[in-house]
Amino acid sequence: MEPGMLALLGRTISLMENLGFLWVVQTGFKLELWGELEERKSLEDLLALHPTWDRVLLDHWLEQAFCQDLLSKDSLSYKLSKLGKAIQTYRSQGLEAMYQEFVVHWSPGFARLPELITGQTEKTIFGSEMEEELISKASLASEPFVWPFLRNNCQKNKWQHILDIGCGEGIYLNKLMESFPSLQGVGIEINPTVAERAQNNTHSWGERLKIICGDALDLSQDLGTFDVCLLNNNIYYFSREQRESLLNNLKKILKPTGQIGILTALRESGNQSQRIFRTHIPQNLMSFFIACHQGFLGLPAEGEIRELLQQTGYTDIEVIPLPFRISHYFFARYAGLKTS
Ligand SMILES: C[S@@+](CC[C@H](N)C(=O)[O-])C[C@H]1O[C@@H](n2cnc3c(N)ncnc32)[C@H](O)[C@@H]1O
């Protein structure tokens, strides 16, 4: 067989395997099968619990989940494997939202790519499920990598007042409040449903933390002043002009030598050889998907963020790649000079 054909077959088979993984995992979430299979169960046990379900399809689901190493099998019964247990454990930390995004939004979104590229159809806008649920929840998946870094920075720089712009579910504010008892914070979130969840998630901090439902492009000076302003996983929402205006406005509410922290996945970043997985695929696909929507240009490149910080007068720029080198944290200081 011609080597090109062999390589293509290999890619196609691994594509089918990956698609199978995606569909099996997401179906398991939707039907709560991961929870039910924490205890060993046979097809008959599951059908007894769900008498109206399709026997043939459920049998195929179990077989596929076993082939994908998500279930272990003992004669006729199945139970979560180590990988299956990880799925169940990690589901509310962004995984379930991410898989829902892939199946329900990425697949039909990319199916329109020929018409989008040729301009035969208009780019869509993110629908309510994406805006109100999935975007902020899928973002929780980066927390295990981001949090240790954020905690160290808070300790090292002795932050006392923190502003979290586009705070989503409020996860970082929550963890910071918990770990640093004298810290006070404000979170700004534009989406009312997400802001309400952030308020519920963080209400125990009382006066120490305020969640405001509002637009970061419309910052009020009454917010107070801050040692640090975080823009976590949302710089791609803002156009180039909006980023400049936002960063200039933040200078008015940063304390002298206050810091800005921009966390973002990058479209291109650094040296391939330093990667754990030598691929740009995860973030490039994310960028590609975002760019299929009206008003979005995809993820930024490292140089774009550096240039933005320099142009808006921030100094001491540090770029920290987080594990897997998909997300990067950019930290910079504002020297406190008078702005126009
Ligand atoms: C991907 S989520 C990230 C949430 C959180 N920062 C995190 O890292 O987990 C981006 C969030 O930014 C919010 N957002 C987008 N544009 C905004 C704006 N102009 N003002 C305030 N929030 C905004 C979105 O509604 C969304 O909840």
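This is a predicted model, so every value here is computed, not measured.

1. A closer look at the overall build of the protein chain
Right, on to step 1. For the protein chain, the helix and strand inventory stands at 14 helices and ten strands.
Right, on to step 2. Across the 340 residues of the protein chain, 45% fall into the buried class.
Right, on to step 3. The long-range fraction of contacts in the protein chain, counting pairs at least 24 apart against all pairs at least 6 apart in sequence, stands at 69%.
Right, on to step 4. By element, 56% of the accessible surface of the protein chain is carried by carbon and sulfur atoms, the whole surface being about 17800 Å².
Right, on to step 5. Measuring between centres, the 32 positive side-chain charges of the protein chain sit 7 Å from its 40 negative side-chain charges.

2. Some words on the nonpolar core
Right, on to step 1. In terms of nonpolar packing, the biggest core is built from 27 residues, with Leu 163, Leu 231, Leu 250, Ile 260, Ile 262, Leu 309 and Tyr 314 touching the most fellow members.
Right, on to step 2. For this core, the secondary structure elements donating two or more residues are β4 (161-165), β5 (184-189), β7 (226-232), α12 (240-253), β8 (254-265), α14 (302-311) and β10 (327-334).
Right, on to step 3. In terms of residues, this core owes the most to one element, α12, which gives four residues.
Right, on to step 4. Aside from chain neighbours lying at most four places away, what touches Ile 260 is Cys 229, Leu 231, Leu 247, Leu 250, Leu 309, Tyr 314, Phe 330, Phe 331 and Ala 332.
Right, on to step 5. Counting residues in hydrophobic clusters, the runner-up holds 24 residues, among them Cys 154, Leu 173, Ala 198 and Ile 211.

3. Observations concerning the sheet that holds strand β1 (residues 41-42)
Right, on to step 1. Taking strand neighbours across the sheet as the criterion, the three strands line up as β1-β3-β2 in an open arrangement whose pairing is antiparallel. Sheet topology places β1 and β2 (71-74) at the edges, where each strand pairs with a single neighbour.
Right, on to step 2. Sitting on the sheet, helix α4 (residues 55-67) is in contact with β2 and β3 (77-80), with an inclination near 110° to β2.

4. Looking at unusual backbone geometry
Right, on to step 1. The phi dihedral of Asn 233 falls on the positive side, at around 55°, and the residue is not glycine.
Right, on to step 2. Position of Asn 233 relative to the elements: it lies in the loop between β7 and α12.
Right, on to step 3. With phi around 60°, Thr 257 is a residue other than glycine that occupies positive phi space.
Right, on to step 4. Here Thr 257 lies in strand β8.
Right, on to step 5. Take Thr 257: its relative accessible area is 46%, and that puts it in the partly exposed class.

5. Observations regarding the sheet that holds strand β6 (residues 209-213)
Right, on to step 1. Strand order in the open sheet formed by seven strands is β6-β5-β4-β7-β8-β10-β9, and the pairing between neighbours is mixed. Both edges of this open sheet fall to β6 and β9 (314-321), since each of them pairs with a single strand only. Each strand of the sheet is rotated relative to its neighbour by a mean of 15°, with strand direction disregarded.
Right, on to step 2. Strands in contact with helix α11 (residues 192-202) are β5 and β6; relative to β6, the strand with the most contacts, it is inclined by about 170°.
Right, on to step 3. Packed onto the sheet, α14 meets β8, β9 and β10 and runs at close to 160° relative to β9.

6. Comments concerning the site of the ligand
Right, on to step 1. In the neighbourhood of the ligand, 19 residues make up the surrounding shell, with Gly 166, Glu 189, Asp 215, Ala 216 and Asn 232 lying closest.
Right, on to step 2. Within the side chain of Ser 139, one N or O atom sits 3.0 Å away from an oxygen atom of the ligand.
Right, on to step 3. Within the backbone of Asn 232, a nitrogen or oxygen atom sits 3.0 Å from a nitrogen atom of the ligand.
Right, on to step 4. With the chains in place, 96% of the 600 Å² that the ligand exposes on its own is no longer accessible.
Right, on to step 5. Taken together, the residues of the shell around the ligand break down into eight nonpolar, nine polar and two charged.

7. So, the environment of Gly 336
Right, on to step 1. Looking at the element boundaries, Gly 336 is found in the segment after β10.
Right, on to step 2. A relative accessible area of 43% places Gly 336 in the partly exposed class.
Right, on to step 3. Between the alpha carbons of Gly 336 and Ile 326 there is a distance of 31 Å; along the sequence they are ten residues apart.

8. Topic: the domain arrangement of the protein chain
Right, on to step 1. Its domain assignment divides the protein chain into domain 1 (3-93) and domain 2 (137-334).
Right, on to step 2. Each of domain 1 and domain 2 has a C-alpha centre, and the two are 35 Å apart.

9. Focus: the pattern of salt bridges
Right, on to step 1. Under the defined criterion, the tally for this structure stands at eleven salt bridges.
Right, on to step 2. The salt bridge involving Lys 175 is made with Glu 143; its shortest N-O contact spans 3.5 Å. Here Lys 175 is found in helix α10 (residues 171-179), whereas its partner Glu 143 is found in helix α9 (residues 143-157), with 32 residues between them in sequence.
Right, on to step 3. If you follow the salt bridges from partner to partner, you end up with Glu 133, Lys 137, Glu 169 and Arg 197 in one network.

10. Examining the packing of aromatic side chains
Right, on to step 1. Tallied over the full model, the rule gives 19 aromatic pairs.
Right, on to step 2. Between Phe 149 and Phe 331, the aromatic rings sit 6.0 Å apart at their centres with planes inclined by 55°, giving tilted as the arrangement. Of this pair, Phe 149 sits in helix α9 while Phe 331 is found in strand β10, placing the two residues 182 residues apart along the sequence. Considered together, Phe 149 and Phe 331 belong to a single accessibility category, that of buried residues.
Right, on to step 3. In this structure an aromatic cluster arises from ring pairing among Phe 21, Phe 29, Tyr 99, Phe 102, Trp 106, Phe 110, Phe 126, Tyr 236, Tyr 237, Phe 288, Phe 289 and Phe 296.
Right, on to step 4. It is Lys 73 that lies over the ring of Phe 66; its NZ or CZ is 5.5 Å from the centre.

Here is what the cut-offs are and how they apply
- Residues numbered from 1 in each chain as written.
- Predicted model: local features only at pLDDT ≥ 70, side-chain atom pairs only at ≥ 80, totals over all residues.
- Heavy atoms only, no water.
- Helix = DSSP H or I, 4+ residues; strand = E, 2+ residues; numbered from the N terminus.
- Buried < 20%, exposed > 50% of the residue type's maximum accessible area, 1.4 Å probe, protein only.
- Contact = heavy atoms within 4.5 Å.
- Areas by Shrake-Rupley, 256 points an atom, 1.4 Å probe, with all protein chains shown as cover.
- Lys, Arg positive; Asp, Glu negative; His and termini not counted.
- Charge placed at Lys NZ, Arg CZ, Asp CG, Glu CD.
- Core = buried A, V, L, I, M, F, W, Y, C linked by side-chain atoms within 4.5 Å.
- Pairing = 2+ DSSP bridges.
- Axes fitted to C-alpha atoms, helices over the stretch in contact; angles between N-to-C directions.
- Near = heavy atom within 4 Å.
- Polar contact = N/O pair within 3.5 Å; in protein donor to acceptor, adjacent residues only side chain to side chain.
- Nonpolar A, V, L, I, M, F, W, Y, C, P; charged D, E, K, R; others polar.
- Domains from an automatic or database assignment.
- Salt bridge = Lys/Arg side-chain N within 4 Å of Asp/Glu carboxyl O.
- Phe/Tyr/Trp six-rings, centres within 6.5 Å; stacked < 30°, edge-to-face > 60°.
- Lys NZ or Arg CZ within 6 Å of the ring centre and 35° of its normal.

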